[in-house]
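Analysis of the macromolecular model
What follows is the residue order along each chain.
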Amino acid sequence: MESAETAEEKTSSISVAQRRAEIRRRKLLMNSEDRMNRIVGYAKNESENNGASRRPTEPRFHLDLDRTEQWSSSSSSPRPSPFLPEASGYGSRSHSATPERRGSPLPGCNESPVASLEDDIGVLRQRPRGERVSDDLSGSPRRGFQTYLSFDDAMKLANNKPPQDEESDSEEFDTFRVFRLIGSILLAIFVRLFVCKYLSIFAPFLTLELAYMGLSKYFPKVEKKTKTTVLTAALLLSGIPAEVINRSMDTYRRMGDVFSDLCFYFFTFILSHEILLFVGSETP
Amino acid sequence: MAAGYAWFLVLASVFLCNLMKTLLPSISSFLTKMIQKDAEQEIEMRAEIQEMKKEQSSISMMDEFARYARLERKINKMTDKLKTQVKSRTAQQAKMKWVVNIIFYILQAALMISLIWKYYADPVTVVPNRWIAPVERLVAFPTGVAGGVGITSWLVVCNKVVSLGLLAVS
């Protein structure tokens with residue numbers, strides 16, 4: 001009788017010890033996963049995601065827990081934890097980089113049943129965190145992919161420089177631009193002949209530019225591609241949004257247009273002034 | 001104070017520089033052709049490779065394998081030789097282009113510096129002061145002459161006008 005009792009006590013203590021060992025091992029395995037994620041970073045997260053996409057990990061983990069709990073409560077004969085083959089299969093697919101997953105059961109330690117229950121609760125609580133991690137894993141490759149896309153776009157932009165330069169040169173003389181330049185030339189001649197004696201030559205020019213701003217909407221809008229240079233690629237890589245870059249380039253382009261108009265205006269004014277002086281000096 | 005035709009001299013210089021800039025690729029390729037004398041040899045090699053390829057296409061590989069293989073080896077050898085020659089010619093072309101560009105930019109810089117040096121104190125032309133108000137100081141820089149048009153502003157204006165004009169023409 002005593003021997004039977006002692007045997008029962010022994011088996012129950014072994015089962016408790018084994019249960020505790022199993023919980024401890026699970027805890028360590030979860031930590032190792034976090035550790036590996038921290039060390040390896042996204043690459044590991046992508047591989048885990050690929051593994052996760054092939055089969056549902058969390059439900060399986062949940063089943064494993066249930067199975068192990070049932071096994072530990074039933075106090076069956078000592079045998080390798082069913083979690084181990086699961087873990088090895090699990091590890092082969094997604095946690096291959098985690099040696100602890102494949103590893104042997106943890107050595108038992110003296111823990112109270114209360115502590116083991118708390119461990120169970122902790123492990124169960126950790127599951128949602130694992131799910132959150134998987135969400136992060138799914139999110140971060142997306143973010144990383146977006147970063148990769150932006151880098152790829154940036155490199156494509158930098159590599160596509162020569163043909164787009166030619167396109168921008170040819171697009172420089174659209175209808176509105178030609179209209180502006182001709183308007184500036186005509187106004188300069190008019191101002192030299194009739195207006196310059198009364199006021200500054202820049203006042204009519206400013207009025208003309210204001211008129212151009214209003215007239216621009218009546219002309220067909222040519223979609224001018226952003227001049228893709230190393231500068232724009234560098235700005236993209238530095239994190240400045242493409243929209244901001246586009247707007248800045250658009251503003252810079254508009255300022256360039258105004259400057260071109262001013263140059264043509266002033267040049268025509270001086271040229272007409274010199275011609276008039278020459279003609280005036282020639283005439284008796 | 002201002003030379004009569006200083007504005008025209010500056011305009012002509014800027015026009016010449018911009019014209020030379022557009023003609024630079026043609027000049028460099030012309031000089032390269034003058035220097036390189038083995039262009040005919042390259043043409044001959046290409047013709048020979050073409051002929052050998054024609055001959056090879058007429059031969060059946062199954063029936064005359066030895067002859068086919070011999071021709072193949074000849075073609076490969078000549079192709080390698082041609083590739084080497086093309087590489088050296090391309091490198092020489094690039095070098096010539098680089099040299100021509102460097103010389104041009106040096107000459108252009110020298111011309112611009114000499115013009116600025118000459119007209120540093122004299123405006124290229126003079127107009128009544130009130131015409132160019134309120135930016136008369138900026139326009140007159142660096143001469144300081146009231147109503148004068150300084151060399152720097154005139155250079156900028158001429159450069160822009162000539163470059164856009166040549167772009168429109170070309």
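Preceding this paragraph is the structure being described.
An account of the accompanying structure is given in this report.

Here is what the cut-offs are and how they apply
Residues numbered from 1 in each chain as written. Chains lettered and ligands numbered in written order. Predicted model: local features only at pLDDT ≥ 70, side-chain atom pairs only at ≥ 80, totals over all residues. Heavy atoms only, no water. Helix = DSSP H or I, 4+ residues; strand = E, 2+ residues; numbered from the N terminus. Buried < 20%, exposed > 50% of the residue type's maximum accessible area, 1.4 Å probe, protein only. Contact = heavy atoms within 4.5 Å. Areas by Shrake-Rupley, 256 points an atom, 1.4 Å probe, with all protein chains shown as cover. Buried area = accessible area lost by both parts, 1.4 Å probe. Salt bridge = Lys/Arg side-chain N within 4 Å of Asp/Glu carboxyl O. Patch = residues over 30% accessible without salt bridge, like charges linked within 9 Å, V, L, I, M, F, W, Y side chains within 5 Å. Lys, Arg positive; Asp, Glu negative; His and termini not counted. Charge placed at Lys NZ, Arg CZ, Asp CG, Glu CD. Phe/Tyr/Trp six-rings, centres within 6.5 Å; stacked < 30°, edge-to-face > 60°.

1. What about the overall build of chain A?
When you go through chain A residue by residue, the secondary structure sums to 11 helices and zero strands. Reading the helices (α) and strands (β) of chain A from amino to carboxyl end gives α-α-α-α-α-α-α-α-α-α-α. Split into buried and exposed, the 284 residues of chain A put 35% on the buried side. The long-range share in chain A, meaning contacts at least 24 apart out of those at least 6 apart in sequence, stands at 80%. Summed over all atoms, the accessible surface of chain A reaches about 17200 Å², with 62% contributed by carbon and sulfur.

2. Looking at the interface of chain B and chain A
Every contact between the two is made by 24 residues of chain B and, on the other side, 22 residues of chain A. Of the roughly 2000 Å² buried between chain B and chain A, counting both surfaces, carbon and sulfur atoms make up 79%. Looking at the side of chain B facing chain A, the largest losses of area belong to Trp131(B), Val161(B) and Leu164(B), adding up to 31% of the total buried there. For the pair chain B and chain A, the interface holds zero salt bridges.

3. Structural notes on the environment of Ala12(B)
Its location among the elements puts Ala12(B) in helix H1 (residues 6-35). With relative accessibility at 36%, the residue Ala12(B) sits in the partly exposed group.

4. Brief notes about a negative patch on the surface
Residues and elements named next belong to chain B. Taken together, the side chains of Glu40, Glu44, Glu48 and Glu51 present a region of like negative charge at the surface. Inspection of the secondary structure assignment puts Glu51 in helix H2 (residues 39-58). Since its relative accessible area comes to 55%, Glu51 is described here as exposed.

5. Focus on the packing of aromatic side chains
As enumerated under the stated definition, the model contains 12 aromatic pairs over all chains in all. Centre to centre, the rings of Phe176(A) and Tyr212(A) are 6.2 Å apart; their planes meet at 85°, and the pair counts as edge-to-face. Placement of the pair is Phe176(A) in helix H8 (residues 175-195) and Tyr212(A) in helix H9 (residues 202-215), with a sequence separation of 36 residues. Tyr212(A) carries the same exposure label as Phe176(A), and that label is buried. The interplanar angle of 80° and the centroid separation of 5.6 Å between the aromatic rings of Phe269(A) and Trp131(B) together place this pair among those described as edge-to-face. In this pair, Phe269(A) sits in helix H11 (residues 242-282) while Trp131(B) sits in the loop between strand S1 (125-126) and helix H4 (136-140), so the two residues belong to two different chains.

6. Side note on a nonpolar patch on the surface
Residues and elements named next belong to chain A. There is a patch of nonpolar side chains on the surface, built from Val178, Ile182, Leu186, Ile189, Phe190, Leu193, Phe194 and Leu276 and spanning about 690 Å² of accessible area. For the nonpolar patch, the element with the highest residue contribution is H8, accounting for seven residues. Secondary-structure assignment places Leu276 in helix H11.

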